[in-house]
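# Architecture at a glance
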There are 4 protein chains.
Amino acid sequence: VLKTSRAAVLTGYKTPLEIREFPLPQTIEPGAALVRVKLAGICGTDVHLWHGQLPIPLPVILGHETVGVIEELGHGLIHDWSGQPLSAGDRINWSSSINCGECYYCRVRPEPTRCLKRKAYGISYDCSVAPHLLGGYADYIYLRPGTAIFKLPEALPTEAVVGAGCALVTSLHGIERIGVRPGDNVVVQGSGPVGLASLAVAKACGAAQVIVLGGPPHRLEIAKRFGADVCLDVEESSVEERRAEVLELTGGFGADVVLECVGIPLAVTEGIELCRDGGRYLVLGHYGNAGTIEFNPHVVTRKQLTLAGSWGFEPRHTKAALEFLSREREQFPFEQLIGEPFALDRAFEALQATASWSTAKSAIAP
Amino acid sequence: VLKTSRAAVLTGYKTPLEIREFPLPQTIEPGAALVRVKLAGICGTDVHLWHGQLPIPLPVILGHETVGVIEELGHGLIHDWSGQPLSAGDRINWSSSINCGECYYCRVRPEPTRCLKRKAYGISYDCSVAPHLLGGYADYIYLRPGTAIFKLPEALPTEAVVGAGCALVTSLHGIERIGVRPGDNVVVQGSGPVGLASLAVAKACGAAQVIVLGGPPHRLEIAKRFGADVCLDVEESSVEERRAEVLELTGGFGADVVLECVGIPLAVTEGIELCRDGGRYLVLGHYGNAGTIEFNPHVVTRKQLTLAGSWGFEPRHTKAALEFLSREREQFPFEQLIGEPFALDRAFEALQATASWSTAKSAIAP
Amino acid sequence: VLKTSRAAVLTGYKTPLEIREFPLPQTIEPGAALVRVKLAGICGTDVHLWHGQLPIPLPVILGHETVGVIEELGHGLIHDWSGQPLSAGDRINWSSSINCGECYYCRVRPEPTRCLKRKAYGISYDCSVAPHLLGGYADYIYLRPGTAIFKLPEALPTEAVVGAGCALVTSLHGIERIGVRPGDNVVVQGSGPVGLASLAVAKACGAAQVIVLGGPPHRLEIAKRFGADVCLDVEESSVEERRAEVLELTGGFGADVVLECVGIPLAVTEGIELCRDGGRYLVLGHYGNAGTIEFNPHVVTRKQLTLAGSWGFEPRHTKAALEFLSREREQFPFEQLIGEPFALDRAFEALQATASWSTAKSAIAP
Amino acid sequence: VLKTSRAAVLTGYKTPLEIREFPLPQTIEPGAALVRVKLAGICGTDVHLWHGQLPIPLPVILGHETVGVIEELGHGLIHDWSGQPLSAGDRINWSSSINCGECYYCRVRPEPTRCLKRKAYGISYDCSVAPHLLGGYADYIYLRPGTAIFKLPEALPTEAVVGAGCALVTSLHGIERIGVRPGDNVVVQGSGPVGLASLAVAKACGAAQVIVLGGPPHRLEIAKRFGADVCLDVEESSVEERRAEVLELTGGFGADVVLECVGIPLAVTEGIELCRDGGRYLVLGHYGNAGTIEFNPHVVTRKQLTLAGSWGFEPRHTKAALEFLSREREQFPFEQLIGEPFALDRAFEALQATASWSTAKSAIAP
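Residues numbered from 1 in each chain as written. Chains lettered and ligands numbered in written order. Predicted model: local features only at pLDDT ≥ 70, side-chain atom pairs only at ≥ 80, totals over all residues. Heavy atoms only, no water.

Next up on the list: the overall build of chain A. When its secondary structure is counted, chain A shows 10 helices and 18 strands. In terms of overall dimensions, chain A is globule-like: its C-alpha atoms have a radius of gyration of 20 Å, near the 21 Å expected for 366 residues. In terms of principal-axis extent, the alpha carbons of chain A reach across some 65 × 40 × 40 Å. Among the 366 residues that make up chain A, the fraction classed as buried is 62%. Within chain A, residue pairs in contact and separated by at least 24 positions form 70% of the contacts whose partners lie at least 6 positions apart. Here chain A has roughly 13,300 Å² of accessible surface; of this, 51% comes from carbon and sulfur atoms. Distance between charge centres in chain A, computed from 33 positive and 40 negative side chains, equals 6 Å. (Helix = DSSP H or I, 4+ residues; strand = E, 2+ residues; numbered from the N terminus. Rg over C-alpha atoms; globule rule 2.2 N^0.38 Å. Buried < 20%, exposed > 50% of the residue type's maximum accessible area, 1.4 Å probe, protein only. Contact = heavy atoms within 4.5 Å. Areas by Shrake-Rupley, 256 points an atom, 1.4 Å probe, with all protein chains shown as cover. Lys, Arg positive; Asp, Glu negative; His and termini not counted. Charge placed at Lys NZ, Arg CZ, Asp CG, Glu CD.)

Put into structure tokens, the structure is as follows:
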């Protein structure tokens, strides 16, 4: 075992990541674990964080979509979240957030994704404070007590888990809230990781047709590979053309469900008009605050719409996602979303690759 | 029986109603009915129609909240919608809209309130065309085949039925969509007829507390009489003060459910901020198009909200409303919403009384 | 056009069907249709009817799973239930029951499958009374006004529609009531048409695994072809073995959902024990009264179960079934359920083939 | 502070309780609490335990419905389950069971009432093992770490909390599962504590009428006091008479919802027949295994019923129950269920009073 771990650190917004060295923790707390990183995904959120669009502490080790191998387990950590035995050498994935389990949103309502003390690996931890190693862009990551850890089945490739990343869990949670029923006509706005994952989940829920509005072409290719019935490139079509096409494909009425996976406010303006009367609209892509739109409440009343938002995910969604991947991998090869992984010292290039949309997403293999 | 019927006719927007005389139909079609009007409610929607805010044909006999007595029944109309026997002399109420029963929204989805051929008494019929008498501000009204008619129980006063008007059915439908569960903290925005009805329904659903934001004082008095736990006068308080008060009353988190019964777009801006994370918001008051607001979709994602709209109501809601009134009349005396009725030739004064908010609502007794 | 139609008539329980000749109706009522039968399915229910296990009038022309071609349309019947134009020569299918649309269960609740005046083609009509031809085992069938007719898409084979028969609509309705969610472990009890259809619907809803308990082997072959993850032959295994296997396949807890598609009371005893705590159990196969079981209500409390029954189906399920077939035909080739069709004069042989389980089901091509 | 605590101990089934003395714990573990008992309710379940009808360890200190005052708090226990500050001298109530929070039913499904390691005060703990004092019939009770404790509002009388006991939480959980909607016709089978609590919750959910089938007369008196619309004494009426009455009161169709709160298997036979088609049936009273009934699955299919069971309750139901009591106490004076409390040394008499139904329930004030 090394005594130190390298990590790619965001020290200031819009500046290159720095490779720094941190001491490995001397002792592993009861319930905690030290994990050697195998593959760390670069999420679109990391790009937003790099731009300073969300309030986080600096310096921070980014990386919240990670697969690793257990190096050492703290006292008492003998089972994973599902009850499977854990030991050093096991390949694992984990929920990127830890809930306190005691606050109003953890207990009373409950809406655990809105935990008042929620902290996320790769996002919420100042890496200048021990145990430092709380992000995925690193040789090692330290998992705090209470982390929901999942032992990976042997047949499930690391690349599929990182390729699905936090997109698939986000989609599973969102679609649980808005509902996709067998036979529904579904529009997915966006063909980034969340859009592709939502397409996959909608198909698996028995959607009659899934229409993807997105781009660029290489992502729409994956959408087709994933079974999209129709893909429209948003660069090659106008709002009016897309609306006409969706109406045409839905008997003139509009979609039963529209899943927003874009994060651009105007997508909501467009998307609400794509719902049929009595339709459902999921605002899933607005993790960041990207500003306002003009919005007419009369439309919600008159079209008798249901709109829902969905924030993050719970450990049970991580479990469901891993099962989904195991079960549906042939139909939805998420490993194809990531290209050749970058070495850790090229972490900033990896981030830029995701930022530039030159791949669906990128990854770091330390 | 008279051979003619007077009616108060809207001949042009923003001009006084005219009293005109129309011939009674010579024959009653099979399934239709001729009804003598006992009491016709003036709905806030009638004020909007008078201002020309919704596309309707002119001239029109207004009035879609009516209780009458059967004068003559068409062939085959022997039972009311619930299966009770009907005969001349029975006091009745009816659903103001008729669905076609055959279109996409009547059959396939179904979302019958969005029937593609829906027509409403007192709103959608040009009274220059026979059978003319298709609105409530008149001596007689003609009920077309397919109207959902309800015989009124003797113990239920005409004034309570007209006082509840289309507000109670609208609230029952809306709250069915958004849900109010026992123990919920509920905010009702608005203390007009829809707000008061929503307060009543929320209380009857077991809401822990209902906070009404409205005015003027005479309406808030009725809200208190109906059991509102807290009333805030919107003329006497700022948006910030109301928000602080709602947070104070809900442990700092916000309401479980907010019911918008105002129809002013800015109420939606305010109301969404009154929901706790994971809360539910009903856009119920925007029957008319009153313009847009600035709206940030990020709030829906981050607060993990559900929003729903609700349009009109179905016959089963009319049935439910009449049962609700029969059951809960002591607690919610809707008859108190209407003052002394106006004679038919003073219909325009009655409309102005509703427009000026000098009563909660007014009514015409021909 | 012929002036008469042959039909296979059940004149007495447990006696051979008789071929009789009936006059074609002289006039087609408004809204009605005369249809030339292309293919009539033999349902397991027909076998029960033949045994006298359900109260029906005699004589009766059996056959409630039929595809035909429009010979003549009554006045005003110009669109099918979904709004598509209809004309003579169109190939159609229809809902086997007609609801009154006016009773307590049609209107008030509504539970339209429990319509108080429901009548079904091939089951409820005495064929000695005009218009006689109200069952599918015949050259012609007469569709009464109010029948929910569906024009078939060209690409959908007649054999697939009849192969899916009333099983698929029954399953869609039942699974709508009990719910199958993505990732659920599902047990299907039975591999007759309803069991196979339930397997198909459960797979399409995203079930993680579907375990089929049934037989004989040729039906389990089809189950495998339809994607069953595990099939257990009930002739080759004991109740205890099946329970052990289901527990083994579900982490020791039992299935999330068990779908009873057998119709034998003891299947319910077995099936309830296959549910995990908090699981759901659908009693779908007990269309007929097959007697009682010993049942311990404590199990429902302690295991915190939900049980649901489902009766027949609504027109919207017929629409959904035809869409399901069009969409999923490759994965679920229902046409394989029926063997070579029988000529009309061999209708009794066809019935015996279904009774003896020598095919999954049989069909008549007049 | 005393150094010992008396407790009434069940040492053998069907033998008198013995008063024994136990040492108070020397130290309070972190997160635990020592509580002086103010009032301990005698639940019908205690009678079943006394009869040996459920598998429990002996000797045991009975009592799982308790209000007490904090004597000493373990380290770190500074807030109650809802986040309110806790200190010595506070009057509290607590959930009688502790979930492990880690098993399949706590985490994965989740169905926390089916926790694989669930233990309940007054039921599951052998009192010969330290810390001994884990039941309510005692001077002191020791609350283990993880207990969901609730500080009681000053205005809420101890007698109301114990009077509602575990009946109200059980009803809240059960009715959450089966649903009671505004306007529903509800039958409650049983007028013991669970029946009365279910009546109260059903009324608060907006039930149109609640019909109680129970006895003896002094309990039906309380039912009327709680707002039962109709009460039928099961000693004074036959199954047929009750069925006729329920049909009469529900337009000939049966109840929308029937809540079984009896625990006698034949009640289920009777109750299912009281549901309308499409109705819902809750098996709530069968906490114990009281044997089997003859049951016809065909009825579930034909009547298209939903049946649900419900086991115990979660901490959030305890919170909801305390809020319900605070809010609705005037309408549902649960304190009236218990008579004059018994001294601790008369605990066995108290148990016999509950067993003999001479009061609705009894209580012990040490």
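What follows concerns the interface of chain A and chain B. Taken residue by residue, the interface counts 42 residues in chain A and 42 residues in chain B. Around 3,800 Å² of area is buried between chain A and chain B when both sides are counted, 54% of it from carbon and sulfur atoms. Three residues, Phe 253, Thr 301 and Gln 304 of chain A, lead the burial of chain A against chain B; their summed loss comes to 18% of the area buried on that side. At the boundary of chain A with chain B, the tally comes to 6 salt bridges. Residue Asp 277 of chain A pairs with Arg 114 of chain B through a salt bridge whose shortest N-O separation is 2.7 Å. Between chain A and chain B we count 31 residue pairs in polar contact (both at pLDDT 80 or more) in total. Listing elements by their share of the side of chain A that touches chain B, those giving two or more residues are helix 2 (104-108), helix 3 (158-178), helix 7 (265-272), strand 15 (275-283), strand 16 (293-295), helix 8 (297-302) and strand 17 (306-309) of chain A. The leading source of residues in the side of chain A that touches chain B is helix 8 of chain A, at 5 residues. Here the residues of the side of chain A that touches chain B sort into 17 nonpolar, 15 polar and 10 charged. (Buried area = accessible area lost by both parts, 1.4 Å probe. Salt bridge = Lys/Arg side-chain N within 4 Å of Asp/Glu carboxyl O. Polar contact = N/O pair within 3.5 Å; in protein donor to acceptor, adjacent residues only side chain to side chain. Nonpolar A, V, L, I, M, F, W, Y, C, P; charged D, E, K, R; others polar.)

Rotating chain D by 180 degrees about the axis while translating it 0.0 Å along that axis superimposes it on chain B, leaving an RMSD of 0.0 Å. Here the symmetry operator amounts to a two-fold rotation axis. Relative to the rotation axis, the closest C-alpha in chain D is found at Cys 205 of chain D, a distance of 2.4 Å. Both copies contact each other with a shared surface, as 100% of the interface residues of chain D are interface residues in chain B too. (Least-squares fit on C-alpha atoms with pLDDT ≥ 70 in both.)

Residue and element names in this part refer to chain C. Position of Arg 280 relative to the elements: it lies in strand 15 (residues 275-283). Judged by its relative accessible area of 6%, Arg 280 is buried. A polar atom in the side chain of Arg 280 sits 3.1 Å from the side chain of Asp 184.

Contacts between the two partners involve 8 residues from chain D and, on the opposite side, 8 residues from chain B. For the pairing of chain D and chain B, the buried interface totals around 630 Å² over both sides, and the portion due to carbon and sulfur atoms is 55%. Here chain D and chain B share 0 salt bridges between them. Across the chain D-chain B interface, the total number found is 2 residue pairs in polar contact (both at pLDDT 80 or more). Looking at the side of chain D that touches chain B residue by residue, the class counts come to 5 nonpolar, 2 polar and 1 charged.

For the rest of this paragraph, the subject is the packing of aromatic side chains. Tallying each qualifying case throughout the model produces 42 aromatic pairs over all chains. Taking the centre distance of 5.5 Å and the plane angle of 75 degrees together, the rings of Tyr 105 of chain A and Phe 253 of chain B count as edge-to-face. Taken together, the residues span two chains, with Tyr 105 of chain A in helix 2 and Phe 253 of chain B in the loop between helix 6 (239-249) and strand 14 (255-260). Assessed through its relative accessible area of 23%, Phe 253 of chain B is described here as partly exposed. Here Phe 226 of chain D and Phe 334 of chain D contribute two aromatic rings whose centre-to-centre distance is 5.0 Å and whose plane-to-plane angle is 75 degrees, an arrangement assigned as edge-to-face. With Phe 226 of chain D in the loop between helix 5 (217-225) and strand 13 (230-233) and Phe 334 of chain D in the loop between helix 9 (315-328) and helix 10 (347-355), this pair connects stretches of sequence that are 108 residues apart. The buried category is assigned to Phe 226 of chain D, whose relative accessible area is 1%. Chaining the aromatic ring pairs together yields one cluster made of Phe 226, Phe 324, Phe 332 and Phe 334 of chain A. (Phe/Tyr/Trp six-rings, centres within 6.5 Å; stacked < 30°, edge-to-face > 60°.)

Right, let's get into the confidence of the model for chain A. In this model, chain A carries a mean pLDDT of 96, and residues with pLDDT of at least 70 account for 99%. Reported confidences for the modelled complex are a pTM of 0.97 and an ipTM of 0.96. (pLDDT = per-residue confidence, 0-100.)

Between chain A and chain B, which share one sequence, the superposing operator has a rotation angle of 180 degrees and an axial displacement of 0.0 Å; the RMSD is 0.0 Å. The residues that chain A uses at the interface reappear at the interface of chain B in 100% of cases, marking a shared surface.

What the 12 strands build is an open sheet, ordered 13(C)-12(C)-11(C)-14(C)-15(C)-17(C)-17(D)-15(D)-14(D)-11(D)-12(D)-13(D); its pairing is mixed. The strands lining the two open edges of the sheet, one partner per strand, are strand 13 (230-233) of chain C together with strand 13 of chain D. Averaged over all adjacent pairs, the angle separating strand axes in this sheet is 15 degrees, with direction ignored. As paired elements, strand 15 of chain C and strand 17 (residues 306-309) of chain C share 4 bridges and run parallel to each other. Across the sheet, the residue bridging to Leu 282 of chain C is Ala 308 of chain C, located in strand 17 of chain C. Sitting on the sheet, helix 3 (residues 158-178) of chain C is in contact with strand 14 (255-260), strand 15 and strand 17 of chain C, with an inclination near 150 degrees to strand 15 of chain C. The sheet strands contacting helix 3 (residues 158-178) of chain D are strand 14 (255-260), strand 15 (275-283) and strand 17 (306-309) of chain D, and the helix crosses strand 15 of chain D at an angle near 150 degrees. (Pairing = 2+ DSSP bridges. Axes fitted to C-alpha atoms, helices over the stretch in contact; angles between N-to-C directions.)

What follows deals with the state of the cysteines. Two cysteines form a disulfide when their sulfur atoms are joined by a covalent bond. Residues and elements named next belong to chain C. Under the counting rule described, the total for this entry stands at 0 disulfides over all chains. Take Cys 115: it sits in no disulfide, and the sulfur closest to it among the cysteines is that of Cys 106, at 3.7 Å. By relative accessible area, which is 8% here, Cys 115 ends up buried. With no disulfide of its own, Cys 127 lies 19 Å from the sulfur of Cys 43, the closest cysteine sulfur. (Disulfide = S-S within 2.5 Å.)

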